[in-house]
Amino acid sequence: MATESRTPSAAPDAGRELIRFDGVTKRFGDHTVLDGLDFTVAPGKHVTLIGPSGSGKTTILRLLMTLLRPDEGTIKVAGDYLTHEERNGRLVPAGEKHTREVRKHIGMVFQQFNLFPNMRVLRNVMEAPVHVLGLGKDAARERARELLDLVGLGDRCDAYPTQLSGGQQQRVAIARALAMRPQVLLLDEVTSALDPELVAGVLDVLRDIAHTTDITMLCVTHEMSFARDISDDVLMFDAGRVIESGPPEKIFTEPEHERTREFLSAVL
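Every chain begins its residue count from 1, and numbering advances along the sequence as written. Predicted model: local features are reported for residues with pLDDT of at least 70 only, side-chain atom pairs are reported and counted for 80 or more only, and whole-chain, interface and lining totals are derived from all residues. Side-chain measures were taken over the full set of non-hydrogen atoms in the model, leaving aside hydrogen atoms and water.

With an unreviewed UniProt entry as reference, the chain is termed Amino acid ABC transporter ATP-binding protein, source organism Streptomyces varsoviensis. UniProt positions are given in the numbering used here, feature names are shortened, and annotations may be inferred rather than shown by experiment. Entered under Sequence similarities (unreviewed entry) in the UniProt record, the comment concerning the chain runs "Belongs to the ABC transporter superfamily." Listed under Subcellular location (unreviewed entry) in UniProt, the entry text for the chain is "Cell membrane".

So this is what it looks like as structure tokens:
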């Protein structure tokens, strides 16, 4: 992929943490999904979260998108609190304006594509930069065309989502997330809703983005070969906690925790 296709993020200084969870707990009724979670992600790193269903992985992404709020603890993105703000020296729940500003750093690709069915592909990618970032329509259109070329769909700008395969729709969703120029791209089981023959195309696009841009990626996936290819670090979750973490060659080849070994033997 040509270097001019790079998607630069306005990354903070390399020494800073881009994402920080401090003591984050999330409960649904009596069930604790995240239990005092502490972890950080540095700028430009690709981190994959693995573990059994229900271990809290997707909840982390939903907290970062503010689709959920933590019951305890704090989250910081690019040095700013996400769901809290400081007023008169005290930390209080953030207002919508503050949260919206911090959330601009984050883009997410969901399991389901969530495209606007009444809009053509090009407008699906243009819409948020125009209405959220205030980008001019001409600039947004040029940016959208570049990103659709990046994901291999430059010739489908005028199609409607229903005229595309599932894999093509997911690639449009990736372009739409990148159109907001996020510092962080969240990937939530992005191939789980696809037919098996469409999975490879989507993963190839994401590999290219991982290898040719400086965007930070936080990924939840059961595609272990993909996780091995793109990750700087892999975090193994169980019962709302990180039980093991490290580079992919260590986690996949010489895991230390018995629960990690059990999980990998089941999915590999």
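Picking up where we left off.
Peer 1: Would you mind showing me how to read the sheet that holds strand E3 (residues 46-50) here?
Peer 2: Think of it this way: DSSP has to see at least two bridges between two strands before they count as a pair. Only DSSP runs of H or I covering at least 4 residues are called helices, and only runs of E covering at least 2 are called strands; the numbering of each starts at the N terminus. Spatial strand order, E8-E9-E10-E3-E11-E12: six strands in an open sheet with mixed pairing. The sheet is open, and its two borders are formed by strand E8 (106-109) and strand E12 (241-246), each paired with just one other strand. Going from strand to strand, the sheet's axes swing by 20 degrees on average, the running direction of each strand aside. Here four bridges tie E8 to strand E9 (residues 184-188), and the two strands are oriented parallel to one another. Of the residues in E9, the one forming a bridge with Val109 is Leu187. Here an angle of 0 to 180 degrees is reported between the N-to-C directions of two axes, which are lines fitted to C-alpha atoms, with helices fitted over the stretch in contact.

Peer 1: Quick question: what am I supposed to make of the environment of Val190 here?
Peer 2: Here Val190 shows up in the loop between E9 and helix H6 (196-212). In this scheme, a residue with accessible area under 20% of its type's maximum is buried, one over 50% is exposed, and one in between is partly exposed, where area comes from a 1.4 Å probe on protein chains only. Take Val190: its relative accessible area is 7%, and that puts it in the buried class. Contacts between residues were defined by any pair of non-hydrogen atoms, one from each residue, lying within 4.5 Å. Setting aside residues no more than four positions away along its own chain, Val190 makes contact with Val109, Phe110, Gln111, Gln170, Val202 and Leu206.

Peer 1: Whenever I open this one, the packing of helix H3 (residues 121-131) against helix H5 (residues 166-178) confuses me. Can you help?
Peer 2: How two helices sit against one another is set out by the angle between their axes and by the gap between those axes. Taken N-terminus to C-terminus, the directions of H3 and H5 make an angle of 30 degrees; their axes are 8 Å apart at the nearest point. In terms of axis orientation, H3 runs roughly parallel to H5. The interaxial crossing formed by H3 with H5 has right-handed handedness. Between H3, through Val121, Asn124 and Val125, and H5, the contact on the second element is made entirely by Val172, Ala175 and Arg176. Looking at the contact of H3 with H5, its residues break down into four nonpolar, one polar and one charged. For classification purposes, an angle smaller than 35 degrees is called roughly parallel, one larger than 145 roughly antiparallel, one from 65 to 115 roughly perpendicular, and anything else oblique. Crossing handedness follows the turn of the near helix against the far one: under a right angle anticlockwise gives a left-handed crossing, and clockwise gives a right-handed one. Basically, the charged four are Asp, Glu, Lys and Arg, the nonpolar ten are Ala, Val, Leu, Ile, Met, Phe, Trp, Tyr, Cys and Pro, and anything else, Gly included, counts as polar.

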